[in-house]
Amino acid sequence: MKNKIILVIVAALILLLCVGGLIPCGIKFIFGIPCPTCGITRAYLSLFKGDIGSAFLYHPLFWALPAAFIGAGLANKKAVKQAILVSCGILFIAVYIIRMITLFPDVPPMDFSHNAILIWIIERIF
Ligand SMILES: [Zn+2]
């Protein structure tokens, strides 16, 4: 029971940090390409403003992270917890591939960042 409470608290803290914009996307900052969770902060901000449509546009799986953490936190068997988290991961990767095919590189939050560190380095070398 203690582990479940800790898991729920950690999930809530991560969610708050993301929503507060305190955790930037390191993948996009370094490589210039969006990660599977890009847009989720803006999705939660839209959700908290009551704009569910924009939340789905920013990230169609914004609801899946808290649902997976709560479900895994409440599950009694380790295999069920793992199945929930692995399923969530697979879902995020599948949606990421679809978003990269349909939105990358022009539509935010799946846009390409020309200010990425790797791009900066490559421009100075070549
Ligand atoms: Zn990202």
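As shown above, the structure is provided for reference.
Residues numbered from 1 in each chain as written. Predicted model: local features only at pLDDT ≥ 70, side-chain atom pairs only at ≥ 80, totals over all residues. Heavy atoms only, no water.

K.L.:
Just checking my understanding: could you explain the nonpolar core for this structure?
P.N.:
Soluble globular proteins tend to pack their nonpolar side chains together in the buried interior. Formed by Ile 40, Ala 43, Tyr 44, Ala 55, Leu 61, Phe 62, Ala 64, Ala 68, Cys 88, Phe 92 and Val 95, the largest nonpolar core amounts to 11 residues. Going through the elements one at a time, helix H3 (40–48), helix H5 (64–74) and helix H6 (78–102) are the ones with two or more residues in this core. Look past the residues within four positions of Ala 68 in its chain and what remains in contact with it is Ile 84, Leu 85 and Cys 88. (Core = buried A, V, L, I, M, F, W, Y, C linked by side-chain atoms within 4.5 Å. Buried < 20%, exposed > 50% of the residue type's maximum accessible area, 1.4 Å probe, protein only. Helix = DSSP H or I, 4+ residues; strand = E, 2+ residues; numbered from the N terminus. Contact = heavy atoms within 4.5 Å.)

K.L.:
Sorry if this is basic, but what is going on with the coordination of the zinc ion here?
P.N.:
Perfect tetrahedral coordination of a metal by four donors corresponds to 109.5 degrees between them, and perfect octahedral coordination by six donors corresponds to 90 or 180 degrees. All of the protein donors around the zinc ion are Cys 25 (SG), Cys 35 (SG) and Cys 38 (SG); their distances to the metal are 2.1 to 2.2 Å. Sequence spacing of the donor residues for the zinc ion, all on one chain, is C-x9-C-x2-C. Residue Cys 25 is located in the loop between helix H1 (2–19) and helix H2 (26–31), and its partner Cys 35 is located in the loop between H2 and H3; the two are separated by 10 residues in the primary sequence. Residue Cys 25 is classed as partly exposed on the basis of its relative accessible area, which comes to 23%. Judged by its relative accessible area of 11%, Cys 35 falls in the buried class. (Donors = N, O, S within 2.8 Å, 3.2 Å for Na, K, Ca; no water.)

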